[in-house]
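Read off the chains here:
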Amino acid sequence: MSSAPTSLYRALAAELRLALQSGAFPAGSRLPSVRQLCASHGLSLATVTHALHELEDAGLIEARARRGYFACAPVARPAPVLSAATALALDERRQRLMSLAASQAGVLSLGHLGLAPSWLPLAALQRLLARQLRRHPALLAQGLVHGSLALREQLALRASRLACDYSAEDIVVTQGEGESLQLCLRLLSQPGDAVVVSGPTSLRTLELIVSMGRRVLELPPGLTGSQTVQALDELMQTQAPAACILEPVLDRVTGASWADADKQALAALLAHHRLPLLECDLLGDLHHGAYRPRPVKAFDRDDRVLYCGSFACSTGPGFNVGFIASHRHHLRLRAERAVHGELLPALMDQVLAAFLAEGGFDAHLRRLRRRLKLELQRLIQAVLHHFPVGSRVSGSEGGYVLWVELPEGLDACALLEQARARGCNFLPGAVFSQGRQFDHCLRLTASQPWDAERETAVRMLGQLACAMQQDRA
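As the structure is a prediction and not an experimental result, all values here were calculated from the model.

Criteria and thresholds
- Counting from 1, residues in each chain are numbered in the order their sequence is written.
- Side-chain atom pairs in this predicted model are given and counted only at pLDDT of 80 or more, local residue features only at pLDDT of at least 70, and totals for whole chains, interfaces and linings cover all residues.
- To obtain the side-chain values, all non-hydrogen atoms of the structure were included, while hydrogens and water were left out.
- The pairing criterion is simple: DSSP has to find at least two bridges between the two strands.
- Where helices and strands are cited, they refer to DSSP runs of H or I of at least four residues and of E of at least two residues respectively, numbered from the N terminus.
- The angle between two axes is taken between their N-to-C directions and runs from 0 to 180 degrees, where each axis is a line fitted to C-alpha atoms and a helix contributes only its stretch in contact.
- Residues are treated as being in contact if the distance between any of their heavy atoms lies within 4.5 Å.
- Each residue carries a pLDDT score, the predictor's confidence in it, ranging from 0 to 100.

## Considerations on the sheet that holds strand E7 (residues 215-221)
Turning to step 1, where the next piece is worked out: The strand order E5-E11-E10-E9-E8-E6-E7 describes an open sheet built from seven strands, whose pairing is mixed. A strand with exactly one partner marks an edge of an open sheet, and here the two such strands are strand E5 (171-174) and E7. Each neighbouring strand pair of the sheet contributes to a mean axis angle of 20°, computed without reference to strand direction.
Turning to step 2, where the next piece is worked out: When strand E6 (residues 194-199) meets strand E8 (residues 243-246), the two strands line up parallel, connected through three bridges. Note on E8: the bridge partner recorded for valine 197 is isoleucine 245.
Turning to step 3, where the next piece is worked out: Contacts between helix H8 (residues 203-211) and the sheet are confined to E6, E7 and E8, with E7 contributing the most and set at about 145° to the helix.

## A short note on the sheet that holds strand E16 (residues 427-428)
Sheet strands pair via backbone hydrogen bonds, and the direction of the pair is either parallel or antiparallel.
Turning to step 1, where the next piece is worked out: The strand order across the open sheet built from four strands is E13-E14-E17-E16, with neighbouring strands paired in antiparallel fashion. Of all the strands in the sheet, just strand E13 (392-394) and E16 have a single pairing partner and so form its edges.
Turning to step 2, where the next piece is worked out: Note that E13 and strand E14 (residues 401-405) share three bridges and pair antiparallel. Residue pairing in the sheet places arginine 392 in a bridge with glutamate 405 of E14.
Turning to step 3, where the next piece is worked out: Against the sheet, helix H14 (residues 360-386) contacts E13, E14 and strand E17 (441-445), and its axis sits at roughly 15° relative to E14.

## Quick word on the confidence of the model for the protein
Turning to step 1, where the next piece is worked out: Scored by pLDDT, the protein has a mean of 90; 93% of the residues are at 70 or more.
Turning to step 2, where the next piece is worked out: Below a pLDDT of 50 lies the segment residues 1-5, which in the model reaches five contacts outside its immediate sequence neighbourhood of four places, other chains included.
Turning to step 3, where the next piece is worked out: Below pLDDT 50 for its whole length, residues 76-82 participates in 20 contacts with residues either more than four positions away or in separate chains.

Structure, rendered in structure tokens:
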């Protein structure tokens, strides 16, 4: 079937979009029929249909069976639909930025999540490994499909502290968060389906959604928890996403944490729209407060939340164990993992179960939280001292990530280019989005001991940013 000429259908789509946005077609009003548009614009049926489908995909109009197309109510929109050429250019730009920001020998990383080895419980884990090998050497030859009962019981015990209502039978252990998300997306969606994410969102999440052939629907940038709930509710009036992926406990990009009232509101919204939530909780154990923040799963009375936890940051990549908790979907997740997943090393499973059961993990977390809180405060003070006036920071509520917004007009991507040439790097905001709304932002982390080298590097970043600001004056 021949496709509509690009310039013609886009011109019609742009004309109709302008009419919709100007109020020429109020919400609920009917647009001219396809035949009327063909006659009034002298266009083919294929060209008009293509233009209408583009507006429908953008959530501006909706098709009603045998009645035609109707204008949708205006809502807070995700990033606008991009042309194929623009999307490709932005993707290539993200790939180049990710290459500049990647961890490399001889380059000081100021933005990655990997913690210093001296902060990890390596000695304790080594002792447990040795003990398990002495007692059960056959563990080296054993693998598990969805995790041992001993480990799942420990995970369920920790869930009860957070008022989460799931049992050991509802848990599927995985080889890290990446596999957890992949299993959930494979279960809940099909290629071409839309998946809602926050803006900004995890680099891993963006790459995984795209690699699986799903579409990213990015919510407007910089929303609070309550604003995210409202934007998602409005989005659901015009879109039908297969799932959403959010990180309300402690966001690994911005360090933001939602209030319990907003989590409760989100749980109610999920139930109302029957929308699955993949709730990622990578940094929740590293909170700075007196109590660990509760996840949305704690308020999930309708079992719409697939809670995805991970030990990667707190125990290190050698124990990159993840898990999914969902009563509604646990049997299908087990089946999916049996088909698509690799066996889980039984030795690592038993070591982690013992580490949790014997109190070693909690003791480690208490020490680590105190250290990270101190290191993050040092990083915040350095950024506020050296970066240009007007820079804003967020992320002091927990964990060890710091989200920095440069003053208007400054480009963190250009700053990365200059920093990389001087031997250090960070994560620019642009890699956490499919658009350009975070080009002025960057993520830094307090993942290593604060020393003269890191202080010098942060001061250099600030000086480069100040010079960029002066050049614009």
